[in-house]
Amino acid sequence: MEEVSVWRKNMGNALAGIVMGLFTLNFLGLNYILSTVGILLMLTGFRALRHIGNAFRACYICAVLKAVFHVFFMVLAATIYYESFQKSIAFKVVSCSGVILTIVLLLCLRSGLRGAQESVGIEPHTGAITCMALVNLLFLTQLQIQGLLIVALVIVGIVLIVKNAFALVSQLDEAGY
C-alpha cells in the first residue's frame, strides 16, 4: 500500500474543498452540506500548508475569510430577514466580495504552486489554477449561460481543470516536495 505524503494529503484536501465550493446543488440541503464540507477541507488543507510560504499563508487567510462569509450566510439563512437581505444591494456586495475572495484565493494558490515547482526544479505551469480563477471571474460577471450544450462544456472544462490541478499536485509530490 502506497503511503500518502503530508503535502499530497493537505493539497488534496484544499483542492477538494475548492471544487466543492464551485458547485451548488439546491436539493436535499446539499447546497449547505457540500459548501460546509468544502470550507472545512480548505481550512484543514491550507492550515497545514501555511508554514510553507507567504502564498499558502495567504490561501489560509482567504479560507478563514470564506469560512466567516459562509457562517454569516448560514446564520442569516436561518432568520426571517434572509429574503429581505437577498433583495438588498448589501447582498450583492457581499456575494461579489465572496467571489472576489475566491479569485484571490486561487491566485494565491497559483503563486504558491509556482513557488513549489521552482523550488524542486520543475518548470512552472499552473494553467489549471488560472483557469479556475477565470471561471470564477465569469461567475462574477454573471454571464447568462443558456442551453445544455454550453452548460455541458462548462462542466467538462471544470472537470479537466480539476484533473490537471490534481496531476500538478501529484507531480510535485513525486518530485519530493
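Residues numbered from 1 in each chain as written. Predicted model: local features only at pLDDT ≥ 70, side-chain atom pairs only at ≥ 80, totals over all residues. Heavy atoms only, no water.

Undergrad: What is the right way to read helix 3 (residues 54–77) from this model?
TA: Over its 24 residues, helix 3 runs 34 Å from end to end, which matches the ideal 34 Å to within 8%, given 1.5 Å per residue. What helix 3 keeps buried is the set Ala 55, Phe 56, Cys 59, Tyr 60, Cys 62, Ala 63, Lys 66, Ala 67, His 70, Phe 73 and Leu 76. Of the surrounding secondary structure, the elements contacted by the buried residues of helix 3 are helix 1 (6–22), helix 2 (30–49), helix 4 (82–86) and helix 5 (89–119). (Helix = DSSP H or I, 4+ residues; strand = E, 2+ residues; numbered from the N terminus. Expected span 1.5 Å × (residues − 1). Buried < 20%, exposed > 50% of the residue type's maximum accessible area, 1.4 Å probe, protein only. Contact = heavy atoms within 4.5 Å.)

Undergrad: What should I look at first to understand the packing of helix 2 against helix 3 in this one?
TA: Any two packed helices are characterised by how steeply their axes cross, that is the angle between the axes, and by the distance between the axes. Contact geometry for helix 2 and helix 3: axes closest at 9 Å, N-to-C directions at 155°. Classified by the angle between their axes, helix 2 and helix 3 sit roughly antiparallel to one another. The hand of the helix 2/helix 3 crossing is left-handed. Side by side, helix 2 and helix 3 meet where Tyr 32, Ser 35, Thr 36, Ile 39, Met 42, Leu 43, Phe 46, Arg 47 and Leu 49 of the first sit next to Phe 56, Cys 59, Tyr 60, Ala 63, Val 64, Lys 66, Ala 67, His 70, Met 74 and Ala 77 of the second. Along the lines of polarity and charge, the residues of the contact of helix 2 with helix 3 split into 14 nonpolar, 3 polar and 2 charged. (Axes fitted to C-alpha atoms, helices over the stretch in contact; angles between N-to-C directions. Parallel < 35°, antiparallel > 145°, perpendicular 65-115°, else oblique. Left-handed = near helix turned anticlockwise from the far one by under 90°. Nonpolar A, V, L, I, M, F, W, Y, C, P; charged D, E, K, R; others polar.)

Undergrad: What should I look at first to understand the confidence of the model for the protein in this one?
TA: In low-pLDDT segments, the atomic positions of the prediction should not be examined closely. In the predicted model, the protein carries a mean pLDDT of 79, and 80% of its residues have values of at least 70. Helix 6 (residues 127–140) is the least confidently modelled element of the protein, averaging 62 in pLDDT, while helix 3 averages 92, the highest of any element. (pLDDT = per-residue confidence, 0-100.)

Undergrad: I would appreciate a short explanation of the nonpolar core in the present structure.
TA: Soluble, globular proteins show a tendency: their nonpolar side chains are buried together. Core analysis: the biggest nonpolar cluster contains 28 residues, and Trp 7, Met 11, Phe 46 and Leu 109 have the highest contact counts within it. Those elements giving two or more residues to this core turn out to be helix 1, helix 2, helix 3, helix 5 and helix 7 (148–174). If you tally residues by element for this core, the top one is helix 5, at 7 residues. Here Phe 46 is in contact with Ala 14, Ile 18, Phe 56, Cys 59, Tyr 60, Ala 63, Leu 105 and Leu 109, once residues within four sequence places are set aside. Core analysis: the next-biggest nonpolar cluster, separate from the first, contains 5 residues, Phe 73, Leu 76, Phe 91 and Val 94 among them. (Core = buried A, V, L, I, M, F, W, Y, C linked by side-chain atoms within 4.5 Å.)

Undergrad: Looking at this structure, how should I read the side chain of Lys 66?
TA: In this structure, Lys 66 sits in helix 3. Lacking a salt bridge, the buried Lys 66 has Glu 83 as its closest oppositely charged neighbour, with an N-O distance of 24 Å. Within the local environment of Lys 66, its side chain forms a polar contact with the side chain of Thr 102, the two groups lying 2.7 Å apart. The contacts of Lys 66, once residues within four sequence positions are left out, are Ile 39, Met 42, Gly 98, Leu 101 and Thr 102. (Lys, Arg positive; Asp, Glu negative; His and termini not counted. Salt bridge = Lys/Arg side-chain N within 4 Å of Asp/Glu carboxyl O. Polar contact = N/O pair within 3.5 Å; in protein donor to acceptor, adjacent residues only side chain to side chain.)

Undergrad: Just to check I follow, could you spell out the packing of helix 1 against helix 5 for this structure?
TA: For the pair helix 1 and helix 5, interaxial distance at closest approach is 12 Å and the crossing angle is 155°. Of the possible angle classes, the one that applies to helix 1 and helix 5 is roughly antiparallel. Every pair of crossing elements has a handedness; the one defined by helix 1 and helix 5 is left-handed. Where helix 1 approaches helix 5, its residues Trp 7, Met 11, Leu 15 and Ile 18 are matched on the opposing element by Leu 105, Leu 106, Leu 109, Leu 113 and Ala 116. Class assignment for the residues of the contact of helix 1 with helix 5 results in 9 nonpolar, no polar and no charged.

Undergrad: In this structure, what is going on with a nonpolar patch on the surface? I would like to understand it.
TA: Taken together, Tyr 32, Ile 33, Val 37 and Met 74 make up a surface patch of nonpolar side chains, about 320 Å² in accessible area. Here the element with the most residues in the nonpolar patch is helix 2; it accounts for 3 residues. Mapped onto the elements of the fold, Tyr 32 is located in helix 2. (Patch = residues over 30% accessible without salt bridge, like charges linked within 9 Å, V, L, I, M, F, W, Y side chains within 5 Å. Areas by Shrake-Rupley, 256 points an atom, 1.4 Å probe, with all protein chains shown as cover.)

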